[in-house]
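Observations on chain architecture
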Amino acid sequence: MDMLSYWEKSSFIHHGLIVVGGGIVGLSTALHYQLAHPKKKVVVIERGLFPSGASTKNAGFVCFGSISELAENARTDSQDELLSLVEKRYKGGLELRQLLGDKRIDYRLVGGYELDFQGDLHERIFTFNDWLRPLFKRPVFSDARDNIPAFSFEQTIVKGLVKNQFEGSIDTGKMMDAFARKAREAGVQFYTQTDVLHYVEQANGVEVAVSTAEGTLQLMADQLALCTNAFTKALLPEADLVPGRGMVIVTKPLKWAPPRGTFHYHSGYNYFRNAGNRILLGGARHLDLKGEATTQEGINSRLESQLKEDLKSFIAPERPLEVDYAWSGIMAFGEGKSPLLLHPSPRVHAAVRLGGMGVALGTGLGKELALHLGATMS
Ligand SMILES: Cc1cc2nc3c(=O)[nH]c(=O)nc-3n(C[C@H](O)[C@H](O)[C@H](O)COP(=O)(O)OP(=O)(O)OC[C@H]3O[C@@H](n4cnc5c(N)ncnc54)[C@H](O)[C@@H]3O)c2cc1C
């Protein structure tokens, strides 16, 4: 028998909804569900002291695909499929901004740029503007080659630049803080530093085993939402996803102003931006896709060296730069580009596999899951 008090048992064990994972999707699910069902007891269970998945490790791009990423998608997707993918990402970004407010998340419409090493990327602008016109009504992409000298890129390497006027950036930390505060204000509770070990669906609810400092504890929930993205297989082995680790480095503050914008290269695998007058640079996962298909945090020295080399050779050539931060974060990928909404049993649901676009897609996916939970509540 556990040593819980009568009071603890009557007030802290049973929940209307337990959400596993305090990332963007978990917070959005909990918030939207709580707003729709204010009398329900909703708790987010998070393994870290604060959210410790991709949602606090990302680059803060509010994007929907660079021109070469879209060109890659176009190899397998029809024009309609591509348009609906872009629409979901673009409208998802708007949803996040409307929910939390541009000021609180430090949203800036800086414009996105794709670096072109061959010098022929601009030839695709007309086609993709034409494809995306039904959604944006205006041209999305433009030839921005003339900006290369002003951005101080190495001109023998960076031969072209394509601008996306609808892309922006946020402060990822501020966004997650604002999201958690909003959820708390709505009545959502948080249990942090708590690992969900497993669950069993019973006739009257879901029994959820959690690991705490005091040992393992059984909680009960009417419904369970798994918002565990790359870590989902530990709880739902049949989920069709593979982890993909991404890494980021950030320089020390610079004495000069780095270019304003969100920048991509190598079909979106690499990216950089100005973050607090430092350069934040990440990606290069494509150099070791197999090695990076892991849920273990860590720095791949090969990728780190390549990122540093890119900084020196063409992003900020002949500038003194020192790296201040290096971290990794784990994403989830699959065959399709769209996230998964799964319903493994009547009371258990999951919203996972956000790829590298969770900033744009996470809010909407969580809202969709909250609606589904409301509709299937017994
Ligand atoms: C380096 C990097 C850069 C990125 N850049 C961008 C970008 O610029 N723009 C963009 O749109 N997207 C970007 N992404 C992707 C984006 O961050 C993710 O798609 C998004 O954060 C996923 O959100 P999530 O809530 O599904 O998952 P997560 O944020 O990973 O949340 C899952 C949470 O579940 C918790 N958890 C897991 N298992 C358990 C358990 N058993 N018990 C308790 N808690 C558990 C984890 O601790 C974690 O906090 C980037 C990702 C990385 C790694």
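Treat the numbers as computed from the prediction; the structure is a model and nothing was measured.

1. A short note on the site of the ligand
Around the ligand, the surrounding shell holds 39 residues, and the nearest of these are Glu46, Ser55, Phe61, Val196 and Val359. Take serine 52: an N or O atom from its side chain is 3.1 Å from an oxygen atom of the ligand. Taking valine 359, its main chain carries an N or O atom lying 2.9 Å from an oxygen atom of the ligand. Relative to its unbound accessible area of 1,000 Å², the ligand is 98% covered by the protein chains. Among the secondary structure elements, those contributing two or more residues to the shell around the ligand are helix H2 (24–36), strand E9 (195–202), strand E12 (242–251), strand E16 (323–333) and helix H10 (358–376). A domain split of the shell around the ligand shows at least three residues from each of domain 1 (6–56 + 174–240 + 338–376) and domain 2 (106–167 + 242–333).

2. Quick look at the nonpolar core
Nonpolar side chains in soluble globular proteins tend to be buried together. Formed by 42 residues in total, the largest nonpolar core has its most connected members in Leu96, Leu100, Ile170, Met175 and Phe179. Sorting the residues of this core by element identifies strand E1 (14–20), H2, strand E2 (42–45), strand E3 (61–62), helix H4 (79–100), helix H8 (172–186), E12 and H10 as the ones contributing at least two each. Looking at which domains feed residues into this core, each of domain 1 (6–56 + 174–240 + 338–376) and domain 2 (106–167 + 242–333) supplies at least three. Once residues lying within four places of it in the same chain are set aside, the contact partners of leucine 100 are Ile105, Met175, Ala178, Phe179 and Lys182.

3. A look at the sheet that holds E16
Judged by pairing direction, the sheet is mixed, and its eight strands sit side by side in the order E5-E6-E4-E13-E14-E15-E12-E16 without closing on themselves. Two strands lie at the open edges of the sheet, namely strand E5 (141–143) and E16, each paired on one side alone. Taking the axes of each pair of neighbouring strands and ignoring which way they run, one obtains an average angle of 20° across the sheet. Pairing of E12 with strand E15 (residues 279–283), which is carried by three bridges, proceeds in the antiparallel orientation. For valine 248, the partnering residue across the bridge sits in E15 and is glycine 282.

4. Looking at the pairing of strand E4 (residues 112–116)
Along E4, five of the five residues are buried, which leaves the element largely enclosed by surrounding structure. Burial along E4 is two-sided: the face carrying Gly112, Glu114 and Asp116 and the face carrying Tyr113 and Leu115 are both buried. Relative to strand E6 (residues 160–164), E4 is paired through five bridges, and the arrangement is antiparallel. Bridge pairing in E6 places glycine 112 opposite asparagine 164.

5. Topic: the pattern of salt bridges
Counted by the stated rule, this structure contains 13 salt bridges. For the salt bridge of lysine 40 with aspartate 222, the shortest nitrogen-to-oxygen distance reads 3.5 Å. In this pair, lysine 40 is assigned in the loop between H2 and E2 and aspartate 222 in strand E11 (residues 215–226), connecting sequence segments 182 residues apart. Its relative accessible area of 25% is what places lysine 40 among the partly exposed residues. For the salt bridge of glutamate 95 with lysine 367, the shortest nitrogen-to-oxygen distance reads 3.4 Å. Highlighted residues: glutamate 95 in helix H4 and lysine 367 in helix H10, separated in sequence by 272 residues. Take glutamate 95: its relative accessible area is 24%, and that puts it in the partly exposed class. Lysine 367 gets classed as partly exposed once you look at its relative accessible area, which sits at 35%.

6. A few points about the packing of aromatic side chains
Under the criterion given, the structure shown has 20 aromatic pairs. Ring centres of tyrosine 113 and phenylalanine 151 lie 5.2 Å apart, and the angle between their planes is 85°; this geometry places the pair in the edge-to-face category. On the criterion of sequence distance, the pair formed by tyrosine 113 in strand E4 and phenylalanine 151 in helix H7 (residues 148–151) is long-range, its members being 38 residues apart. Between the aromatic rings of phenylalanine 117 and phenylalanine 314, the centroid separation amounts to 5.2 Å while the plane-to-plane angle is 70°, which identifies the pairing as edge-to-face.

7. Describing the domain arrangement of the chain
Taken domain by domain, the chain consists of domain 1 (6–56 + 174–240 + 338–376) and domain 2 (106–167 + 242–333). The C-alpha-based centres of domain 1 and domain 2 are spaced at 32 Å. Of the residues lining the interface, 11 residues belong to domain 1; the matching set on domain 2 comes to eight residues. Three residues stand out in domain 1 for area buried against domain 2, namely Ala230, Phe231 and Gly355, and they jointly supply 46% of the buried area on that side. At the boundary of domain 1 and domain 2, one finds zero salt bridges. Seen at the junction of domain 1 and domain 2, the total is one residue pair in polar contact (both at pLDDT 80 or more). When the residues that make up the side of domain 1 that touches domain 2 are grouped by side-chain class, the tally is four nonpolar, four polar and three charged.

Reading the values: rules and limits
- Residues numbered from 1 in each chain as written.
- Predicted model: local features only at pLDDT ≥ 70, side-chain atom pairs only at ≥ 80, totals over all residues.
- Heavy atoms only, no water.
- Near = heavy atom within 4 Å.
- Polar contact = N/O pair within 3.5 Å; in protein donor to acceptor, adjacent residues only side chain to side chain.
- Areas by Shrake-Rupley, 256 points an atom, 1.4 Å probe, with all protein chains shown as cover.
- Helix = DSSP H or I, 4+ residues; strand = E, 2+ residues; numbered from the N terminus.
- Domains from an automatic or database assignment.
- Core = buried A, V, L, I, M, F, W, Y, C linked by side-chain atoms within 4.5 Å.
- Buried < 20%, exposed > 50% of the residue type's maximum accessible area, 1.4 Å probe, protein only.
- Contact = heavy atoms within 4.5 Å.
- Pairing = 2+ DSSP bridges.
- Axes fitted to C-alpha atoms, helices over the stretch in contact; angles between N-to-C directions.
- Salt bridge = Lys/Arg side-chain N within 4 Å of Asp/Glu carboxyl O.
- Phe/Tyr/Trp six-rings, centres within 6.5 Å; stacked < 30°, edge-to-face > 60°.
- Buried area = accessible area lost by both parts, 1.4 Å probe.
- Nonpolar A, V, L, I, M, F, W, Y, C, P; charged D, E, K, R; others polar.

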